[in-house]
Amino acid sequence: MAIFKYNSHRPHRTSPDLHLHYWGQEQCAPGHSVGPGVRDLYKIHFIHEGSGKVVVGEASHTLGAGQAFLTYPHVVTHYAADQDSPWTYSWIAFTGEEAGYLLSRTSLSPEQPVFPMDQELMPSLFERLSEAADCQDVLDLPLKVILYEFLSLLLRTVPATANLVIPRQKSVYVEQCLHYLHAHYCENVTVESMSASLKLDRKYLSTLFKRTIGLPPQQYLLNFRIAKACELLTETSCTIGEISHSVGYQDALLFSRMFKKVKGCSPKEYRIRHTDTDIVL
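Residues numbered from 1 in each chain as written. Predicted model: local features only at pLDDT ≥ 70, side-chain atom pairs only at ≥ 80, totals over all residues. Heavy atoms only, no water.

(A) The pattern of salt bridges, seen in detail. All chains considered together, the criterion is met by four salt bridges. Across the pair E97 and K228 runs a salt bridge whose closest N-O atoms are separated by 3.8 Å. Within this pair, whereas E97 is found in the loop between β9 (88-95) and α1 (99-104), its partner K228 is found in helix α7 (residues 217-235), the two being separated by 131 residues in sequence. By relative accessible area, K228 is classed as buried at 18%. (Salt bridge = Lys/Arg side-chain N within 4 Å of Asp/Glu carboxyl O. Helix = DSSP H or I, 4+ residues; strand = E, 2+ residues; numbered from the N terminus. Buried < 20%, exposed > 50% of the residue type's maximum accessible area, 1.4 Å probe, protein only.)

As C-alpha cells, then:
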C-alpha cells in the first residue's frame, strides 16, 4: 500500500525557488507499473528493497536496493517493479526555479537518471520529512531545509565533473542560457537570438539544454513565462493585456492560448481560482 504525504504549506510566490510538493513510500506488488507518461515536476525514487526497471526513451535501466532514479518534467518515463522481487521504494516530488539549475550541476540527465543512495540521509528521507511535517507552525522551513540538504548531498554524490558526456564547460553554457532566458523572457527572445548572443551553434545549444534541463529551450521559456504570469495574476491587479506584455507576448490572445495550453484554463479563470484561496500541492 502506498503512503502519500503532502506539503500543505502554500509558497509565498506562485513560482518559488524550490518547493517540496509531496513525498511517500510503497511496497510494490509484483509487476506494479507506472507510465509511460509525464509529470510537471521532478520526482526521485529511492529503492530500499527488491528491484525493477526504468525506461526513458530508448534507454532502459535495471535497478536494485541502494539505488535511486530521477524523473524529469515533461519527459516520458515508464518504470515497473520486478515480477519476482518487486521493489519497495520511497519518493520525493519537487519543483522550483532553482531545481533545473541545481540538477544541471550533477551528472544526471533524462537519459542517465540513476544514482547511488548515500548511507545516511537518503534511506531515512521519508521519515525525516514526515517528522518535520509535524511542525505545522513552521512547516515550510523544516521541509525546505531537508530538501536543500538532500540536493547538496546529491551534488556531492553525483557531481557534474563525474559526467563524461556533459563536462563542466557544457554545464556553464546551460547556466548562461538560463541567465539569458531569465533576463530576457519579457522580450521577443528566440533560440536564435540566444545562441547568437552566447556565440554558440543553435542546434548544439538546444540539444545540450534539453539533455541537461530535461526540456527544450522553447518549452522552458514558455513554462517560465507562464509561471511569471501566474505570479502577476495572483499578486497584482494588472489587466490580462498588461500581464501579457510583461511576460513577452504582444498579442494578448496568443498569451491566453499559451497560458491555457500550460495551465488548462484561461488567465481569467486562473485568477479567480487562485486569488486568496490557492493551495499548492
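So much for the structure itself; the text now carries on.
(B) Seen up close, the nonpolar core. F46, W87, I92, F94 and F150 are the most contacted members of the largest nonpolar core, which totals 76 residues. For this core, the element with the highest residue contribution is α7, accounting for eight residues. Contact partners of I92, with chain neighbours within four places excluded, come to L20, Y22, W23, Y42, K43, I44, F46, L125, L129, L147 and F150. (Core = buried A, V, L, I, M, F, W, Y, C linked by side-chain atoms within 4.5 Å. Contact = heavy atoms within 4.5 Å.)

(C) Focus on helix α2 (residues 125-132). Within the sequence span of α2, burial applies to L125, F126, L129, S130 and A132. Angularly, the buried residues of α2 cover 160 degrees about the axis, an arc narrow enough to put them on a single face. Looking at the packing, one finds that the buried side of α2 touches β1 (2-6), β2 (19-27), β4 (42-49), β9 and α3 (140-157). (Arc of directions from axis to C-beta.)

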